[in-house]
Every structure is written in structure tokens, then in C-alpha cells.
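Residues per chain, in single letters:
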Amino acid sequence: MSKNSLLKGVFLVGLGATSYGMLATFVKLAYEEGFTTAEVTSSQFILGILGILIINTFQKFKNKEAVEKATPKNIFHLMLAGTSLGMTSVFYYLCVKYIDVSIAIVLLMQTVWMGVLLEWFLEKRVPSKQKIISVLIVLIGTVLATNLFNNQLDIDWRGILWGMLAAASFTTTMFTANKVALGISSAQRSLYMLLGGAIIVFGFGFFTQTTPFNFDIFLKWGIFLALFGTIIPPLLMNAGFPITGIGLGSIVSALELPVSVLMAFLILNEVVIFSQWIGIILIIIAIVIMNIQIPKLKN
């Protein structure tokens with residue numbers, strides 16, 4: 001693989017992660033304008049599905065060779081896997097409603113150790129020393145990044161609860177997305193997973209939206225949320241990961257964490273103290289350790 005090709009892969013994954021990192025700030029700004037979680041999630045998924053449909057249609061006309069179509073079984077499995085994607089959006093957006101974005105993104109990053117536990121439980125794969133060390137570093141980094149040592153800090157427990165649920169559902173999404181219907185195009189996979197997620201999102205909206213739906217969300221924030229949450233990141237990451245490989249790609253995708261905190265700091269004026277930055281750096285270091293080859297630390 002040429003150096004230019006590898007740099008291209010790193011750029012694509014990094015840009016996708018950066019897009020994800022901007023998402024929570026947009027949600028927070030939408031909340032400040034009075035929009036509800038149901039309106040935010042619904043607009044993101046509806047416009048996201050339309051965008052992916054357009055991309056699928058474009059691919060059909062562009063590719064001279066026939067694109068492998070998803071079977072009914074593929075569609076069912078992808079939509080089922082996509083329900084966790086919908087839950088991630090709902091839980092994470094509820095989380096940022098109650099706590100700062102800079103803390104919410106740290107809670108979402110608990111997928112690092114949750115993924116290790118899920119792999120151990122489902123695949124009976126005992127974690128290596130390398131992964132155990134990474135998990136311990138993540139936990140230490142989380143304590144610092146959430147500023148738990150500050151006795152005057154008043155974190156809404158609802159935000160913590162929704163943040164941990166978002167991390168759990170996101171872990172499920174990552175685990176299933178890499179195992180379901182891998183033979184069809186990434187655009188098709190994204191479409192059916194979004195349709196599955198939409199069932200959860202629309203169900204949540206139906207039961208929680210107590211005021212008339214404000215359709216202004218589609219023009220004000222829906223386009224941003226769809227582009228940076230459901231269209232751009234999956235396409236860029238699906239294009240970049242085959243070039244970088246899972247290890248390097250996972251390291252580069254950790255950019256989501258500092259970008260999210262920096263956006264919250266610059267745009268939302270959230271206070272981020274020095275110890276929190278140290279915690280964020282520790283979490284990134286843990287992700288690096290987990291995804292590089294260190295022979296001495298292997299079992």
C-alpha cells in the first residue's frame with residue numbers, strides 16, 4: 001500500500017470522526033431554541049434516510065455492473081441491528097439534554113470497555129493483558145474527564161443514566177454492524193440500519209411528543225444533523241477503514257472525543273478544566289494501546 005493511499009484512508013476516517021464529534025453541539029443548540037428530543041431525532045433520521053436513498057439510486061446508475069441486492073434475510077437482520085442505532089441517538093440526545101456535551105461524549109466512550117466485556121461474554125474470548133490495561137486507563141481517564149473529584153460538581157443523574165445507556169447501545173451497534181450482511185454495499189447497509197433505527201425513533205416520538213411537532217427543525221437543524229450524523233460519517237468511514245485497517249482506523253476515529261469537547265468549549269462555552277483534558281488524553285491513549293501490536297502484553 002502506498003503512503004498516499006494510507007494518508008487518504010486516515011483523512012477519510014478522521015473526517016468522519018470529526019463529523020460525529022460535531023453532532024452533540026448541534027443538538028444542544030437545537031435544544032436552546034426549544035426543539036424537543038423527538039423533533040431532533042426524527043428530523044435527523046428522516047433526512048438521513050432520504051440522503052442515503054439518493055446515494056443508493058446514484059450508485060445504481062453509476063455502476064455498470066449489477067450491485068448485489070440485499071435479500072429479505074439481510075434486510076431483516078440489518079433493520080434489527082439498526083434498532084440499537086436508533087436507541088443510541090435517542091439515549092445520547094437525552095443525555096446532552098441534562099449534562100454538558102464534554103461529559104456526555106466521555107460517557108459515550110465507555111464503549112471501549114463495554115466492547116471488551118461484550119466480546120468476552122458472546123465470543124468467550126478472554127481479554128488480553130493489553131485490553132485489560134486499556135480498560136483500566138479508560139476508567140481512570142473517565143474519572144478525570146468527568147471531573148468527579150470536584151465536590152462542588154452537580155451532575156444530573158439522568159444525564160449519567162442516559163449516557164451509559166447510549167454507550168451500551170452504541171457498543172451493540174458496532175458489534176453487530178461488523179457482522180451483518182457484509183456482502184452488500186455500505187450504502188444499502190446504512191439504509192436498512194437507518195430504517196430499523198427509525199422505528200425506535202418514531203416510536204419514541206409518538207409516546208413522548210406532547211406538543212405539536214415543530215417542522216422548523218427540518219430546515220434549521222435537521223439538515224446538519226442528518227449530514228453530520230447519518231450520511232457523511234458512515235460513508236467516509238466505510239471508505240477509509242478498508243485502507244487503514246481496523247487498528248489504525250480505530251485510533252484515528254478517536255478524534256471524535258477531542259473534537260466534541262473542543263466544539264462544546266468554543267461554541268457552547270462549556271468549562272473544561274486541565275484535569276478533564278488529561279482524562280481525555282488518557283482515553284485516547286487507551287484506544288491507541290488497544291489497537292496496536294504489543295507482543296509482550298499478549299497472553
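The following refers to the structure shown. Quick caveat: nothing in here was measured; it's all calculated off a predicted structure.

### What to know about the overall build of the protein
Then step 1. When its secondary structure is counted, the protein shows 11 helices and 0 strands.
Then step 2. Helices and strands in the protein line up, N terminus first, as α-α-α-α-α-α-α-α-α-α-α.
Then step 3. Its C-alpha radius of gyration of 19 Å places the protein within 12% of the 19 Å reference for a compact globule of 299 residues.
Then step 4. With respect to the principal axes defined by its C-alpha atoms, the protein has extents near 55 × 55 × 40 Å.
Then step 5. Evaluated residue by residue, the protein yields a buried proportion of 49% over its 299 residues.
Then step 6. Relative to all contacts within the protein whose residues are 6 or more apart in sequence, the contacts with residues 24 or more apart total 89%.
Then step 7. Approximately 15,200 Å² of the protein is accessible, and the part contributed by carbon and sulfur atoms is 70%.
Then step 8. One way to put it: in the protein the 19 positive side-chain charges average out to a point 15 Å from where the 13 negative ones average out.

### A closer look at the nonpolar core
Then step 1. The biggest cluster of nonpolar side chains holds 61 residues, and the ones touching the most others in it are V40, Y92, V96, I105, W221 and L257.
Then step 2. In this structure, I105 is in contact with Y92, E256, L257, S260 and V261, ignoring residues within four places of it in sequence.
Then step 3. Core analysis: the next-biggest nonpolar cluster, separate from the first, contains 8 residues, A70, A81, A181 and Y192 among them.

### Comments concerning helix α10 (residues 256–267)
Then step 1. Along its 12 residues, α10 runs 16 Å from first to last C-alpha, staying within 8% of the 16 Å computed at 1.5 Å per residue.
Then step 2. Among the residues of α10, E256, L257, V259, S260, V261, M263 and A264 are the ones counted as buried.
Then step 3. Trailing α10 by a residue or two, N269 shows a phi angle of about 60°, which is positive.

### Considerations on the environment of N4
Then step 1. By secondary structure assignment, the location of N4 is in helix α1 (residues 3–32).
Then step 2. Sequence spacing of N4 and V271 is 267 residues, and the spatial spacing of their C-alpha atoms is 39 Å.

### Some points on the packing of helix α3 (residues 72–98) against helix α8 (residues 186–208)
Then step 1. Taken N-terminus to C-terminus, the directions of α3 and α8 make an angle of 50°; their axes are 6 Å apart at the nearest point. Classified by the angle their axes make, α3 and α8 are oblique. Once α3 is placed against α8, the crossing between them reads as right-handed. Residues I75, L78, M79, A81, G82, T83, L85, G86, M87, V90 and L94 of α3 form the contact with α8, whose participating residues are R189, Y192, M193, L194, L195, G196, G197, I199, I200, V201 and F204.
Then step 2. Of the residues in the contact of α3 with α8, the class split is 16 nonpolar, 5 polar and 1 charged.

### Quick notes on the side chain of Q110
Then step 1. Along the chain, Q110 falls in the loop between α4 (101–108) and α5 (111–123).
Then step 2. Overall, Q110 belongs to the buried group, its relative accessible area being 3%.
Then step 3. There is a polar contact of 2.7 Å between the side chain of Q110 and the side chain of W113.
Then step 4. Leaving out residues up to four positions away in the same chain, Q110 has contacts with V138, L139, T142, M164 and A167.

### Topic: the pattern of salt bridges
Where charged atoms from two side chains of opposite charge come close, those side chains can pair.
Then step 1. Evaluation of the coordinates by the stated rule reveals 1 salt bridge.
Then step 2. Note that D156 and R158 form a salt bridge whose closest N and O atoms lie 2.8 Å from each other.

### A few points about the packing of aromatic side chains
The geometry of an aromatic ring pair is captured by two quantities: the separation of the ring centres and the angle between the planes.
Then step 1. Taken as a whole and assessed by the stated rule, the structure comprises 10 aromatic pairs.
Then step 2. Pairing F26 with W221 gives two aromatic rings, centres 6.1 Å apart and planes at 35°, and the pair type is tilted. One end of the pair, F26, is in helix α1; the other, W221, is in helix α9 (residues 216–253), and 195 residues separate them in sequence.
Then step 3. Overall, the relative accessible area of 13% leaves W221 in the buried class.

### Structural notes on the side chain of E270
Then step 1. Positionally, E270 belongs in the loop between α10 and α11 (274–290).
Then step 2. The buried charged residue E270 lacks any salt bridge, with K28 as its nearest oppositely charged partner at 4.9 Å.
Then step 3. Setting aside chain neighbours within four positions, we find E270 in contact with K28, D100, V101, S102, A264 and F265.

### Section: the environment of F175
Then step 1. Turning to its location among the elements, F175 is positioned in helix α7 (residues 157–177).
Then step 2. Separated by 57 residues in the primary sequence, F175 and L118 place their C-alpha atoms 8.4 Å from one another.

### A word on the packing of helix α6 (residues 129–145) against α11
Then step 1. The interhelical angle for the contact between α6 and α11, taken along N-to-C directions, is 165°, at an axis separation of 7 Å. Classified by the interaxial angle, the pair formed by α6 and α11 is roughly antiparallel. Crossing handedness for the pair α6 and α11: left-handed. Listed contacts from α11 to Q130, K131, S134, V135, I137, V138, I140, G141, T142, L144 and A145 of α6 are S275, Q276, I278, G279, I280, L282, I283, A286, I289 and M290.
Then step 2. Looking at side-chain class alone, the contact of α6 with α11 contains 13 nonpolar, 7 polar and 1 charged residues.

Basis of the calculations
- Residues numbered from 1 in each chain as written.
- Predicted model: local features only at pLDDT ≥ 70, side-chain atom pairs only at ≥ 80, totals over all residues.
- Heavy atoms only, no water.
- Helix = DSSP H or I, 4+ residues; strand = E, 2+ residues; numbered from the N terminus.
- Rg over C-alpha atoms; globule rule 2.2 N^0.38 Å.
- Buried < 20%, exposed > 50% of the residue type's maximum accessible area, 1.4 Å probe, protein only.
- Contact = heavy atoms within 4.5 Å.
- Areas by Shrake-Rupley, 256 points an atom, 1.4 Å probe, with all protein chains shown as cover.
- Lys, Arg positive; Asp, Glu negative; His and termini not counted.
- Charge placed at Lys NZ, Arg CZ, Asp CG, Glu CD.
- Core = buried A, V, L, I, M, F, W, Y, C linked by side-chain atoms within 4.5 Å.
- Expected span 1.5 Å × (residues − 1).
- Axes fitted to C-alpha atoms, helices over the stretch in contact; angles between N-to-C directions.
- Parallel < 35°, antiparallel > 145°, perpendicular 65-115°, else oblique.
- Left-handed = near helix turned anticlockwise from the far one by under 90°.
- Nonpolar A, V, L, I, M, F, W, Y, C, P; charged D, E, K, R; others polar.
- Polar contact = N/O pair within 3.5 Å; in protein donor to acceptor, adjacent residues only side chain to side chain.
- Salt bridge = Lys/Arg side-chain N within 4 Å of Asp/Glu carboxyl O.
- Phe/Tyr/Trp six-rings, centres within 6.5 Å; stacked < 30°, edge-to-face > 60°.

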